[in-house]
Amino acid sequence: MEARDQEKSYDPAVAESKWYRYWEGLSLFRADPACPGESYCIVIPPPNVTGSLHMGHALNVTLQDVLIRYHRMLGKNVLWLPGTDHAGIATQNVVERLLAGEGVDRQSLGREIFEERVWKWKEESGGAILNQLKRLGAACDWSRERFTMDEGLSRAVREAFVLLHRKGLIYRGRYIINWCPRCHTALSDLEVAHVETKGWLYYIRYPELSGTQSVVVATTRPETMLGDTAVAVHPGDERYTGRIGVTLRLPIMNRPIPLLSDEMVDPAFGTGAVKITPAHDPNDFEVAKRHDLPAVRVIDDAGMMTGEAGSFAGMDRFACREAVLESLRKEGILIKEEQYLHNVGHCYRCKTVVEPTESIQWFVKTKPLAEPAIRAVRSGETRIIPPNWERTYFDWMENIRDWCISRQIWWGHRIPAYHCPACGLTMVEVDAPDRCSSCGSDNLRREEDVLDTWFSSGLWPFSTLGWPDRTEDLSRYYPTSTLVTGFDILFFWVARMMMMGIEFTGKAPFRDVVIHALVRDPKGEKMSKTRGNVIDPLELMERYGTDAFRFTLLALAAQGRDIRMSDERLEGYRNFMNKLFQAGRFVRMHADDNTVRDLPPERSAADRWILSRLQRVIDEIRKGIEEYRFNEASSAFYQFTWHEFCDWYLEMIKPSLQPDAPAEIRERQRAVLLYVFEMILRLSHPFLPFLTEEIWHSLPGERGSILTEVYPVADPDRTDVDIEKDMGHLMEVIRAVRNMRSELHVPPAKRVEIRLKGQSESLAFLRDHEEIILRLARAERVVHREPEYIPVEDATAVVNDIEVCLPLAGLIDFRKEASRLRKEIDKANAEHSVVCAKLGNDKFLANAPGDIVDAHRIRKGELEAKLGSLSRNLALVTRYLS
Ligand SMILES: [Zn+2]
Ligand SMILES: [Zn+2]
């Protein structure tokens, strides 16, 4: 029973649900502002309420969880605040699709019923992602979970809106904005995805109203010509000297329009003359303002031609394009069509081509808000990590344009503005007014528009802590410590939180902003539904266990480098989890309730060595986490635990754990073993929350959650440079013998003789710890030879100033070994020629993917090294034969 139990491997599924329930049952994630300790707070980037866990979330949440658990173990007063975003357009689209399946649309339901339907959907299906975060182990304070549309946050939104409006930083005006005819709403500049598209550039002749001359304009969108109110050229363009001010006839519509000059026109584009359509182009809109031109709106909110489009009224905008071209051809004034590559704006939610449209919208005046947000980063109040993102932040902030915040959808925070039809007054108030403050009318109409989703998420770091009230949470946890986020929302979200945070609280919302990379597929391709290469994190957690999955993400999370997720890495780290689990069983087998949990004063060389190495690794891991170099922290842990602790230390100390060892030594050894292993568990708890908790509880003694333990601190007194050097040397010698044994196929059970040649002082430590060499190198004796010894018939290796010799007589059958080596050499030579031939082939070099070519180059090097050592060994073996 006992023996079979030993072989049992770690079962993540059972452990994970058990320990998450355990943590929640003990309220370990719940923050208490009244408790002591320096504050450490993270607000989660709220996933969309429509969302489900993808790789990006998994990385984002794992990094945050490491930070939260680490700082908690440092004794800080920690809060990780979770929640979801109502995701205006995205959520409205989801519910609209559901309704479409039932054969209804939102218009027929009406606003109120539609909003009820969205809430109902939210209660039933929204926020599923939060349970998926629990599966990742996220130590969030769920008692503080927030939703951007909950009552408190909605009040914060109204309050913020009113404050900005009173300061003149929110205004309403007629401007040209990006309009999505599908979603029926305005979009901010950031919500427009520019896609390079093959289109056409059409050259159209506009005749002078009187006279015989004409001007040719070039356009990609001929349908908008129906709304032209001028043609413009650059003032310095000599082709048009003397003609500025003439009147042209707008073809099809036969409307007189002026030819004017404006600096905005690029003389190098087309013919240097451009048509001006103020209602449908942002640049033309600006030109029209400067020249006092009228705007004629020819495309409506649904992308259909308006009554202003004459005989084209009622047509779809793209059908109209064809019809306009047809009639221009008939008139003979479409004089050239050329292929043209240009950027076309698409709605980032539904991919419909965006229509620049003039309309009345609400805007935030961003310049005055951006200035302090730039200063906060320049002064170092907020750090952006890695720092190369600072430049991107400054570039955008310095060139920021006013932010269109109104959206013509139904799901979102309705703008707190009230219009009085009687006198035309618009009131902006936190709570709905009863009557007009000017004329006293009680017939007020609430603004129909809702706010851009990013308006409420811009308030997230303080609205979630209770702002505008001066709550205990707000004063305890704001400004927050670290924001962990992807670069794709640096402008959408981070920049806006910086602006709003400083505006409303006087302080930048974060100490550090950590920008992490993208998770890609094994080939390094971006994951996308269309490519079909999306990897589901839940599936990986199922297959490999959450800790192995988390550890893989961490090990690959190098700053500024994207992550390539692969099964090999996951398998490797799953083996590591098992290694750690088995180490736990080993410790459990030897340590019992009587084992002292303090470090005994007397220690063996192996103990002094592992303790010294432990101090260094504690420093490396702490530094890695604190500098957000998670890959360095996890790799330091991996190397130490697997290669130093498991591979070397456990092997070295086995004799002193045996029943025949003196009781005193045995007890001492158990104590050191338990001490070091507990340190390993505490160090890795932030990376591997479930596995460490599971092993922690299997160890002897009364134990609470490992999360409440103190994170290890390096003790410089235990760092011992000499023992690290000596033990390093001893391990090199053992490794040299092992290598020679395996290269020459010495049977594993065969005990060898090791001859060490060197100065006696460098051999002293080896002599004192000969027992370790004998056991780990499988030797029957170690012979110390004088420096004059010449090892003619030994296999040899050099370790520092020592020569390690392995007399081969009697160990192997030389004839057999020589023939085996010759065969190996032939095989390696054959493969080497194939690889060299490929690398010498220009066609291969030109056509094979880069990683394949690299693999060939690496293989060539490997084969050459192998051939070198095979020939050396063959020379040695044949010496015995002659
Ligand atoms: Zn859209
Ligand atoms: Zn009024």
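As the structure is a computational prediction, the values presented were derived from the model and not from experiment.

Student: Looking at this model, I keep getting lost on the overall build of the chain. Mind explaining?
Tutor: Secondary structure summary: the chain contains 29 helices and 29 strands in total. Relative to its length of 882 residues, the chain is extended, with a C-alpha radius of gyration of 37 Å against a globular reference of 29 Å. Along the longest, intermediate and shortest principal axes, the C-alpha atoms of the chain span 115 × 70 × 55 Å. The burial tally for the chain puts 54% of its 882 residues in the buried class. The contacts of the chain with a sequence gap of at least 6 include a subset with a gap of at least 24, amounting to 77%. Roughly 39,400 Å² of accessible area belongs to the chain as shown, and the carbon and sulfur atoms make up 49% of that amount. Taking the average place of the 116 positive charges on the side chains of the chain and the average place of its 130 negative ones, the gap between the two points comes to 2 Å.

Student: Even after reading the chapter, I still don't get the coordination of the zinc ion (ligand 1), so can you show me in this structure?
Tutor: Each angle at a metal carrying four tetrahedral donors should ideally be 109.5 degrees, and each at a metal carrying six octahedral donors should ideally be 90 or 180 degrees. Note on the zinc ion (ligand 1): its protein donors are Cys180 (SG), Cys183 (SG), Cys347 (SG) and Cys350 (SG). The metal-donor distances range over 2.2 to 2.4 Å. Around the zinc ion (ligand 1) sit 4 donor atoms; with metal-centred angles ranging over 105 to 114°, the donor geometry is tetrahedral. Read in sequence order, the donor residues for the zinc ion (ligand 1) give the motif C-x2-C-x163-C-x2-C. Accessibility expressed as a relative area gives 1% for Cys347, which makes it buried. For Cys350, a relative accessible area of 22% translates into the label partly exposed.

Student: In this structure, what is going on with helix H17 (residues 537-544)? I would like to understand it.
Tutor: For an α-helix, the turn length of 3.6 residues means that residues three or four places apart are oriented alike. Turning to H17, its buried residues are Pro537, Leu538, Leu540, Met541 and Tyr544. Along the long axis of H17, the arc covered by the buried residues comes to 160°, so they all point the same way. Buried residues along H17 sit against helix H2 (12-25), helix H3 (55-73), helix H7 (128-135), helix H18 (546-556) and helix H19 (567-590). Its side-chain oxygen at 3.0 Å from the backbone nitrogen of Leu538, Asp536 defines the N-terminal cap of H17. Looking one or two residues past H17, Gly545 carries a phi angle of roughly 90°, positive in sign.

Student: Would you explain unusual backbone geometry in this entry?
Tutor: A negative phi angle characterises most non-glycine residues, just as the trans form characterises most peptide bonds. In this model, Trp467 is joined to Pro468 through a cis peptide bond whose omega is 10°. In this structure, Pro479 follows Tyr478 across a cis peptide bond, with omega equal to -5°. With respect to the secondary-structure elements, Pro479 resides in the loop between helix H15 (472-477) and strand S22 (480-486). The backbone of Ala87 sits at a positive phi, close to 50°, despite the residue not being glycine. As for its position among the elements, Ala87 is in the loop between strand S3 (83-84) and helix H4 (88-101). Take Ala87: its relative accessible area is 1%, and that puts it in the buried class.

Student: Please explain the packing of aromatic side chains as it appears in this structure.
Tutor: Each aromatic ring pair is characterised by the separation of its centres together with the angle its planes make. Overall, the coordinates contain 40 aromatic pairs when judged by the stated rule. With a centroid separation of 5.9 Å and an interplanar angle of 20°, the aromatic rings of Tyr348 and Phe492 are classed as stacked. Placement of Tyr348 in the loop between strand S13 (334-347) and strand S14 (355-364) and of Phe492 in helix H16 (residues 490-505) is noted, with a sequence separation of 144 residues between them. Note on Tyr348: relative accessible area 21%, which makes it partly exposed. Consider the rings of Trp389 and Phe487, whose centres lie 5.3 Å apart with planes at 10°: the pair is stacked. With Trp389 in helix H12 (residues 388-398) and Phe487 in the loop between S22 and H16, the pair connects residues that are 98 residues apart, well separated along the chain. Clustering of aromatic rings is evident, with ring pairs tying together Phe551, Tyr573, Phe576, Phe637, Tyr638, Trp642 and Phe687. One Lys or Arg, Arg69, reaches over the ring of Trp23 and ends 4.3 Å from the middle of that ring. Between the NZ or CZ atom of Arg106 and the centre of the ring of Trp410, over which it lies, the distance is 4.8 Å.

Student: Looking at this structure, how should I read the environment of Gly532?
Tutor: Structurally, Gly532 is set in the loop between strand S24 (519-520) and H17. Residues Gly532 and Glu503 lie 29 residues apart in sequence; the distance between their C-alpha atoms is 44 Å.

Student: Help me understand empty space enclosed by the protein in this model?
Tutor: If you roll a probe as big as a water molecule over the atoms, it shows you where there is empty space left. Counted by the stated rule, this structure contains 2 cavities of 30 Å³ or more. Estimates place the volume of the largest cavity at around 110 Å³. If you go around the largest cavity, you meet 14 residues; those closest to its centre are His516, Ala517, Ala557, Ala558 and Gln559. At the level of elements, H3 and strand S23 (510-516) are the ones that each hand at least two residues to the lining of the largest cavity. Considering each element in turn, the lining of the largest cavity owes the most residues, 3 residues, to S23.

Student: Would you mind going over the coordination of the zinc ion (ligand 2) with me for this structure?
Tutor: On the protein side, the zinc ion (ligand 2) has Cys420 (SG), Cys423 (SG), Cys436 (SG) and Cys439 (SG) as donor atoms, found 2.2 to 2.3 Å from it. In this structure, the zinc ion (ligand 2) is coordinated by 4 donor atoms arranged in tetrahedral fashion, with angles at the metal of 101 to 116°. Here the donor residues for the zinc ion (ligand 2) map to a single chain with the spacing C-x2-C-x12-C-x2-C. Of the two residues, Cys423 sits in the loop between strand S18 (417-419) and strand S19 (426-428) while Cys439 sits in the loop between S19 and strand S20 (445-446), which places them 16 residues apart along the sequence.

Student: Sorry, what's going on with the side chain of His590 here?
Tutor: Here His590 shows up in helix H19. Since its relative accessible area comes to 12%, His590 is described here as buried. Filtering out sequence-adjacent residues up to four positions away, His590 remains in contact with Leu657, Arg670 and Leu673.

Student: Would you mind going over the pairing of S23 with me for this structure?
Tutor: Each regular strand shows side chains that alternate between the opposite faces of the sheet. Of all 7 residues in S23, 6 are buried, a share of seventy percent or more. As paired strands, strand S15 (residues 383-385) and S23 are joined by 3 bridges and run parallel to one another. Residue pairing for S23: Ile384 is matched across the bridge by Val513. Handedness of the crossover is the feature at issue here: the chain leaves S22, passes through H16, returns alongside S23, and the resulting connection is right-handed.

Student: Is there a simple way to explain the sheet that holds strand S9 (residues 230-233) in this structure?
Tutor: Read from one edge of the open sheet, 4 strands run S10-S11-S9-S12, paired in mixed fashion. Bordering the open sheet on either side are strand S10 (247-250) and strand S12 (273-276), each of which pairs with just one other strand. Geometrically, the sheet is characterised by an average inter-axis angle of 35° between neighbouring strands, direction not taken into account. The pairing of S9 with S12 spans 4 bridges and is classified as antiparallel. Within the sheet, the bridge partner assigned to Val231 lies in S12 and is Lys275.

Student: I keep staring at the side chain of Thr485 and nothing clicks. Help me out?
Tutor: In this fold, Thr485 is placed in strand S22. Under the relative-accessibility criterion, Thr485 is labelled buried at 1%. Setting aside anything within four residues of it in sequence, one finds Thr485 in contact with Asn60, Trp493, Val494, Val513, Val514, Ile515 and His516.

Student: Sorry, what's going on with the packing of H3 against helix H20 (residues 605-626) here?
Tutor: Between two packed helices, what matters for the description is the angle formed by their axes and the separation of those axes. One way to put it is that H3 packs onto H20 with a least axis distance of 11 Å and a crossing angle of 125°. In terms of their interaxial angle, H3 and H20 are classed as oblique. Crossing hand, H3 versus H20: left-handed. Counting all contacts with H3, which are made through Val66, Leu67 and Tyr70, the residues of H20 involved are Arg622, Ile625 and Glu626. Looking at side-chain class alone, the contact of H3 with H20 contains 4 nonpolar, no polar and 2 charged residues.

Student: What should I look at first to understand the sheet that holds strand S8 (residues 214-219) in this one?
Tutor: Sheet strands pair by backbone hydrogen bonding; their relative direction is either parallel or antiparallel. Spatially, the 3 strands line up as an open sheet ordered S8-S7-S13, and their pairing is antiparallel. Single-partner strands in this sheet number two, and they are S8 and S13. The sheet shows a mean angle of 20° between the axes of neighbouring strands, direction not considered. Bridge analysis of strand S7 (residues 192-207) against S8 gives 6 bridges, and the strand direction is antiparallel. From the neighbouring strand, Ile204 faces S8, where its bridge partner is Val217. Along the sheet, helix H10 (residues 317-331) contacts S7 and S13; its crossing angle with S13, the most-contacted strand, is approximately 165°.

Scoring rules and cut-offs
Residues numbered from 1 in each chain as written. Chains lettered and ligands numbered in written order. Predicted model: local features only at pLDDT ≥ 70, side-chain atom pairs only at ≥ 80, totals over all residues. Heavy atoms only, no water. Helix = DSSP H or I, 4+ residues; strand = E, 2+ residues; numbered from the N terminus. Rg over C-alpha atoms; globule rule 2.2 N^0.38 Å. Buried < 20%, exposed > 50% of the residue type's maximum accessible area, 1.4 Å probe, protein only. Contact = heavy atoms within 4.5 Å. Areas by Shrake-Rupley, 256 points an atom, 1.4 Å probe, with all protein chains shown as cover. Lys, Arg positive; Asp, Glu negative; His and termini not counted. Charge placed at Lys NZ, Arg CZ, Asp CG, Glu CD. Donors = N, O, S within 2.8 Å, 3.2 Å for Na, K, Ca; no water. Tetrahedral: all angles 85-135°; square planar, octahedral: opposite > 155°, others 65-115°. Arc of directions from axis to C-beta. Polar contact = N/O pair within 3.5 Å; in protein donor to acceptor, adjacent residues only side chain to side chain. Phe/Tyr/Trp six-rings, centres within 6.5 Å; stacked < 30°, edge-to-face > 60°. Lys NZ or Arg CZ within 6 Å of the ring centre and 35° of its normal. 1 Å grid on protein atoms, 1.4 Å probe; cavity = no way out; pocket = protein on both sides within 12 Å on 5 of 7 lines; lining within 4 Å. Points joined across faces, edges and corners; volume = space filled by probe spheres on them. Pairing = 2+ DSSP bridges. Right-handed = clockwise from strand over helix to strand, strands pointing away. Axes fitted to C-alpha atoms, helices over the stretch in contact; angles between N-to-C directions. Parallel < 35°, antiparallel > 145°, perpendicular 65-115°, else oblique. Left-handed = near helix turned anticlockwise from the far one by under 90°. Nonpolar A, V, L, I, M, F, W, Y, C, P; charged D, E, K, R; others polar.

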